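# Remarks on the overall topology
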Amino acid sequence: MTGLFITFEGGDGSGKTTQAELLSQWLVHAGHTVVRSREPGGTELGLELREIVLHRRGHIAPRAEALIYAADRAHNIATKVRPAVERGDIVIQDRYLDSSVAYQGAGRVLDPIEVRDISLWAAEGFMPDLTILLDLDESIGRERLDEARSKYDRLEAEESEFHSRVRGAFLRLADEDPQRFLVLPATDSIERIAEAIRSRVGSLLD
Ligand code: TYD
């Protein structure tokens, strides 16, 4: 018996964790064994790498950053995700290699295809059965900022452009692989999104 590997992707604050939790509860209730994971930081080693890549002060060279995410991924897949799926469990994970392609590729320094290939090498080609993309217009976050602060801020404008490139990259990835992706508008109600996810996951379990 083999299990399932389901990943959640989307911009920061798109509601991934809430939906991952709801799906997990629904599956446990139906009698499945669910393993939760996230990247970066799904394992003990991963938590140390997460601290470095997200919270360490000072510059990290883009290739070094991409390799830290890949190292976290390699360890998470080899020691946690793949063994669980092989046991027949359902792994639900916040973020995976699509995040690397979208974020590390969006800075315009690294080639998205090279970033993807490094991740594939790290994970020995292990791919999700389903990836749920919670698509969020970055200008919604932007509008909230504008309400709080009326002055134009160059850094914020750059950030907004970066997030718009991240969003575009996620949508392109979904377009290229419609079999694997379920794209849902993150602005829908929590219950509506959860229902759409349950319906798709249910069809994988039949
Ligand atoms: P996460 O913990 O999911 O935070 P959030 O709740 O804000 O989405 O992700 C942390 C950050 O890590 C997020 O800004 C995206 C980034 N990230 C990458 O840049 N590359 C990657 O490969 C992964 C997995 C995450």
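Above this text sits the structure in question.
These lines cover the structure that appears in this document, whether it is placed above or below. Bear in mind that the values here come from a model prediction, so they are computed numbers and not experimental data. (Residues numbered from 1 in each chain as written. Predicted model: local features only at pLDDT ≥ 70, side-chain atom pairs only at ≥ 80, totals over all residues. Heavy atoms only, no water.)

### Some points on the site of the ligand
Rules: The near set for a molecule or strand comprises every residue that places at least one heavy atom within 4 Å of it. For this analysis, a polar contact is any N or O atom pair within 3.5 Å, provided that within protein one partner can donate a hydrogen and the other can accept it, and provided that sequence-adjacent residues contribute only side-chain to side-chain pairs. To be clear on the numbers: accessible area is Shrake-Rupley with a 1.4 Å probe, and residue cover counts the displayed protein chains and nothing else. Think of a 1 Å grid over the protein atoms and nothing else: a 1.4 Å probe that fits but is trapped marks a cavity, an open set flanked by protein within 12 Å on at least five of seven lines marks a pocket, and residues with an atom within 4 Å of a point count as lining. Throughout, a molecule is located in a cavity or pocket provided that more than half of its atoms lie within 2 Å of its grid points. Runs of H or I in DSSP of at least four residues are treated as helices and runs of E of at least two as strands, each being numbered from the N terminus.
For the ligand, the set of nearby residues contains 13 residues, the closest of which are Lys-16, Arg-50, Arg-95, Ser-100 and Gln-104. Contact distances for the ligand include 2.9 Å between an oxygen atom and a side-chain N or O atom of Lys-16. Taken by itself the ligand offers 550 Å² of open surface, and the protein chains cover 81% of this. The pocket occupied by the ligand, as judged from atoms lying within 2 Å of grid points, is the largest pocket. Listed by contribution, the elements that provide at least two residues to the shell around the ligand are α2 (44–55), α3 (62–87) and α4 (97–106).

### Things to note about the packing of α3 against α4
Put simply, the rule reads: Axis definition: a line fit to C-alpha positions, over the contact stretch in the case of helices; interaxial angles, taken between N-to-C directions, run 0 to 180 degrees. Should an angle lie under 35 degrees it is considered roughly parallel, over 145 roughly antiparallel, and from 65 to 115 roughly perpendicular; all remaining angles are considered oblique. Every residue pair with non-hydrogen atoms within 4.5 Å of one another is taken to be in contact. Residues are grouped as follows: Ala, Val, Leu, Ile, Met, Phe, Trp, Tyr, Cys and Pro are nonpolar; Asp, Glu, Lys and Arg are charged; every other residue, Gly included, is polar.
For the pair α3 and α4, the least separation of the axes is 11 Å and the interaxial angle reads 175°. With respect to α4, the element α3 is oriented roughly antiparallel. In this structure, α3 uses Glu-65, Ala-66, Tyr-69 and Arg-73 to contact α4, whose residues at the interface are Leu-97, Ser-100 and Gln-104. Grouping the constituent residues of the contact of α3 with α4 by class yields 3 nonpolar, 2 polar and 2 charged.

### Details of the sheet that holds strand β3 (residues 90–94)
Here is the rule we go by: The pairing criterion is simple: DSSP has to find at least two bridges between the two strands.
Read across the sheet, 5 strands follow the order β2-β3-β1-β4-β5 without closing on themselves; strand pairing throughout is parallel. Edge positions in the sheet fall to β2 (34–38) and β5 (181–185), since each has one partner strand and no second. Taking the axes of each pair of neighbouring strands and ignoring which way they run, one obtains an average angle of 20° across the sheet. Pairing of β2 with β3, which is carried by 5 bridges, proceeds in the parallel orientation. Counted as the bridge partner of Val-34 is Ile-90 from β3. On the sheet, α3 packs against β1 (4–10), β2 and β3 and is oriented at approximately 160° with respect to β2. Against the sheet, helix α8 (residues 190–205) makes contact with β1, β3, β4 (130–135) and β5, and its axis sits at roughly 165° relative to β5, the strand it touches most.

### Comments concerning the nonpolar core
In a soluble, globular protein the nonpolar side chains are often hidden away together inside. The condition that has to hold: Buried Ala, Val, Leu, Ile, Met, Phe, Trp, Tyr and Cys residues form a nonpolar core when they are joined through side-chain atoms within 4.5 Å. Exposure categories follow from relative accessible area, calculated using a 1.4 Å probe and restricted to protein chains: below 20% of the type maximum is buried, above 50% is exposed, and the middle band is partly exposed.
Core analysis: the largest hydrophobic core is formed by 18 residues, its most contacted members being Ile-6, Phe-8, Leu-23, Ile-92, Ile-132 and Ile-197. Mapped onto this core, the elements with two or more residues apiece are β1, α1 (16–29), β3, β4, β5 and α8. Apart from the residues lying within four places of it in its own chain, the contact partners of Ile-197 are Phe-8, Gln-19, Leu-23, Ile-132, Leu-182 and Leu-184.

### Re α1
Count 3.6 residues to each turn of an α-helix, and residues three or four apart come out pointing the same way. Applied cut-off: Take the residue count of a helix, subtract one, and multiply by 1.5 Å to get its expected span. The arc under discussion is defined with respect to the helix axis, by the directions toward the C-beta atoms.
For α1, with 14 residues, the first-to-last C-alpha span of 20 Å sits near the 20 Å given by 1.5 Å per residue. Every buried residue of α1 is accounted for by Lys-16, Gln-19, Ala-20, Leu-23, Ser-24 and Leu-27. Angular distribution of buried residues about the axis of α1 spans 135°; they occupy a single face of the element. For α1, the exposed residues set more than 90 degrees away from the buried face come down to Gln-25 and His-29. Among the structural elements, β1, β2, β3, β4 and α8 are those in contact with the buried residues of α1. Downstream of α1 by a residue or two, Gly-31 has a phi angle that is positive, lying close to 100°.

### Thoughts on the pattern of salt bridges
To keep it simple, the criterion reads: By salt bridge we mean one thing: a side-chain nitrogen of Lys or Arg within 4 Å of a carboxyl oxygen of Asp or Glu.
Tallied over the entire structure, the rule returns 13 salt bridges. For Arg-95, the salt bridge is made with Asp-12, and the minimal N-O distance between the two is 3.1 Å. With Arg-95 in the loop between β3 and α4 and Asp-12 in the loop between β1 and α1, this pair connects stretches of sequence that are 83 residues apart. Between Asp-135 and Arg-167 there is a salt bridge whose closest N-O contact spans 2.8 Å. Of this pair, Asp-135 sits in strand β4 while Arg-167 sits in helix α7 (residues 154–176), and the two are 32 residues apart along the sequence. Judged by its relative accessible area of 16%, Asp-135 falls in the buried class. Among the charged side chains, a salt-bridge network with shared partners connects Glu-21, Arg-36 and Asp-94.

### Side note on the packing of α4 against helix α5 (residues 112–122)
Threshold: Crossings are classed by handedness, with left-handed meaning an anticlockwise turn of the near helix from the far one by less than a right angle and right-handed meaning a clockwise turn.
It is the contact of α4 with α5, at a shortest axis distance of 9 Å, that shows an interaxial angle of 150°. One finds that α4 runs roughly antiparallel with respect to α5. Seen along the crossing, α4 lies across α5 with a hand that is right-handed. In this structure, α4 uses Leu-97, Ser-100, Val-101, Gln-104 and Gly-105 to contact α5, whose residues at the interface are Pro-112, Val-115, Arg-116, Ser-119 and Leu-120. Per-class residue counts for the contact of α4 with α5 are 5 nonpolar, 4 polar and 1 charged.

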